[in-house]
Amino acid sequence: MAKRKIFDTAIQPETAVLVGIILPDEREEKEQEYLEELAFLVDTAGGVVKNIFTQKLTHPDRATFVGTGKLDEIKSYVAAEEIDIVVFDDELSPSQLRNIEKALGVKILDRSNLILDIFARRAKSAQAKTQVELAQLQYLLPRLTRMWTHLERQRGGIGMRGPGESQIESDRRMILNKISLLKERLKSIDRQNETQRKNRGQLIRVALVGYTNVGKSTIMNMISKSDVFAENKLFATLDTTVRKVVIDNLPFLLSDTVGFIRKLPHHLVECFKSTLDEVREADILIHVVDISHPSFEDHIRAVNETLKDLGALDKPTITVFNKIDAYQPVPEPKPGEDAAEQAEPMTLADFKSSWMARHNSPAVFISATDRTNIEEFRRLLYDTVVEIHTTRYPYDNLLY
């Protein structure tokens, strides 16, 4: 009896290489952090990173982003390892995208396109889907020409337009009409959301904000005892979730919002500003920080810049340093000693007396997964909500 052949029908993840440039005003370590974040984005999108290429340049090459020598190096590697995608850490111009695609012969993505792909996968509600589609069309509009290079393009005066050019014009008109339609749809959804917010009555609103993947959804689940989707991936939460929470005798509204990220495309921020209305209209912000991340200070700055853009930086804010169970202190090494040998786990008292607590007051240090110091967090949140509630509704009998 002949042996049966077994074929693997499982879909294999796409392989990718990452490309970044180091400009004169940037440190090499900083670009490395950006590329590590880009690798996490690729992983979130379902890809596998095989290699990373970097190049020091005074400015990005206008034609190919990187120099021709580096592009040849990437081309050789892509061909030898049968790589599926090349991902660039910065946004590429339409001409750069076209030139690189022609040179490498594989799919080319930039940071913006990759984030849009993840957003498209994560979008669940009508609002999120509309926002993602709008951002995708705005990204696509200036890049239409590379999609019609297979058609004959003729130049000349009247009567000499080629089929490619007329098709591009037709597509551009269709996309502009679609963008206009989506913007009107978003306005309608915004009006519905505004009506919902008005109908929530005399309740203080608290919004969770922070960098992506810092544990906001885990904290939301813990405080509200609800079941919000949480995962160790970037942008696990795209839709704003609002829950009514009661601590002791005091009810308030708690919302979980989309995470922020460095180098987030401007048009994406614009499209998602309606989702972040919960942040703008919140009475209190809970700024969640992943203290175990080596670049948590940069994350704080990135979030504060986004809050400033939203006009929400001056709101009462509680800084929650999460994941203290995974924090790795790295002290200055003494002469003749290794820094790793000196690093001892910080206690809760150490955290409370650290510069992080002094510069981000009021601050609390917790581990949402281990439920460390949760009661202090709940008490601080309760006191902050009570202070605003009694000021706004002095004759409310809820608290008495």
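Higher on the page you've got the structure.
Our next topic: the overall build of the chain. From N to C terminus, the chain includes 14 helices and 10 strands. Counting over 400 residues, the chain shows a buried share of 48%. Here the chain displays about 21,400 Å² of accessible surface, and carbon together with sulfur accounts for 50% of that area.

A word on unusual backbone geometry. Backbone geometry at Asn-213 places phi at a positive 65°, although glycine is not the residue there. Take Asn-213: it is sitting in the loop between strand E5 (205-210) and helix H7 (216-224). If you check the backbone angles, Arg-371 has positive phi at about 60° while not being a glycine. Mapped onto the elements, Arg-371 comes out in the loop between strand E10 (363-365) and helix H14 (374-392).

Now for helix H10 (residues 296-310). Between its first and last C-alpha, H10 extends 21 Å over 15 residues, near the 21 Å set by a 1.5 Å rise per residue. Just downstream of H10, Gly-311 is the residue with a positive phi angle, here 75°.

Read across the open sheet, the 4 strands follow the order E2-E1-E3-E4; overall the sheet is parallel. One side of each edge strand has no neighbouring strand; the edge strands of this open sheet are strand E2 (48-56) and strand E4 (107-110). The sheet shows a mean angle of 20° between the axes of neighbouring strands, taken without regard to direction. Here strand E1 (residues 15-22) runs beside strand E3 (residues 85-88); their pairing, made up of 4 bridges, is parallel. Residue Val-17 lies in a different strand from E3, and its bridge partner there is Val-86. Helix-sheet contacts for helix H1 (residues 28-44) involve E1, E2 and E3, and the interaxial angle to E1 is about 155°.

Its place among the elements puts Asn-322 in strand E9 (residues 317-322). For Asn-322, a relative accessible area of 3% puts it in the buried group. Note: C-alpha distance between Asn-322 and Thr-372 (50 residues apart in sequence) is 9.5 Å. Once residues within four sequence positions are removed from consideration, Asn-322 is found in contact with Val-214, Gly-215, Ile-219, Val-288, Val-289, Asp-290, Ile-291, Ser-292, Ile-366, Ser-367 and Ala-368. At a separation of 3.1 Å, a polar atom in the side chain of Asn-322 contacts the main-chain carbonyl oxygen of Val-214. A polar contact is formed between the side chain of Asn-322 and the backbone nitrogen of Ala-368, at a distance of 3.0 Å.

Moving on, we come to the environment of Ile-118. Along the polypeptide, Ile-118 turns up in helix H4 (residues 111-122). Judged by its relative accessible area of 1%, Ile-118 falls in the buried class. Each C-alpha atom, one on Ile-118 and one on Val-42, is 8.9 Å from the other, the two residues being 76 residues apart in sequence.

To continue, consider the nonpolar core. Nonpolar side chains tend toward joint burial in soluble globular proteins. Counting residues in hydrophobic clusters, the biggest one holds 84 residues, and the most contacted among them are Val-86 and Ile-219. Here this core takes 7 residues from H14, the largest share from any one element. Not counting chain neighbours up to four residues away, the residues in contact with Ile-219 comprise Leu-208, Val-288, Val-320, Asn-322, Ile-366, Ala-368 and Phe-377. Counting 12 residues, the second-largest nonpolar core is a separate cluster that includes Val-289, Ile-291, Phe-321 and Met-356.

Bringing the packing of aromatic side chains into the picture now. Tallying each qualifying case throughout the model produces 4 aromatic pairs. For the ring pair Phe-65 and Phe-88, a centre distance of 5.6 Å and an interplane angle of 90° mean the geometry is edge-to-face. Of this pair, Phe-65 sits in the loop between E2 and helix H2 (68-81) while Phe-88 sits in strand E3; the two residues are 23 residues apart in sequence, bridging distant segments of the chain. Judged by relative accessible area, which is 2%, Phe-65 ranks as buried. Judged by its relative accessible area of 0%, Phe-88 is buried. Relative to Phe-321, the ring of Phe-296 lies with its centre 6.4 Å away and its plane at 85°, an arrangement referred to as edge-to-face. Separated by 25 residues along the polypeptide, Phe-296 in helix H10 and Phe-321 in strand E9 bring together distant segments of the chain.

Conventions used here
Residues numbered from 1 in each chain as written. Predicted model: local features only at pLDDT ≥ 70, side-chain atom pairs only at ≥ 80, totals over all residues. Heavy atoms only, no water. Helix = DSSP H or I, 4+ residues; strand = E, 2+ residues; numbered from the N terminus. Buried < 20%, exposed > 50% of the residue type's maximum accessible area, 1.4 Å probe, protein only. Areas by Shrake-Rupley, 256 points an atom, 1.4 Å probe, with all protein chains shown as cover. Expected span 1.5 Å × (residues − 1). Pairing = 2+ DSSP bridges. Axes fitted to C-alpha atoms, helices over the stretch in contact; angles between N-to-C directions. Contact = heavy atoms within 4.5 Å. Polar contact = N/O pair within 3.5 Å; in protein donor to acceptor, adjacent residues only side chain to side chain. Core = buried A, V, L, I, M, F, W, Y, C linked by side-chain atoms within 4.5 Å. Phe/Tyr/Trp six-rings, centres within 6.5 Å; stacked < 30°, edge-to-face > 60°.

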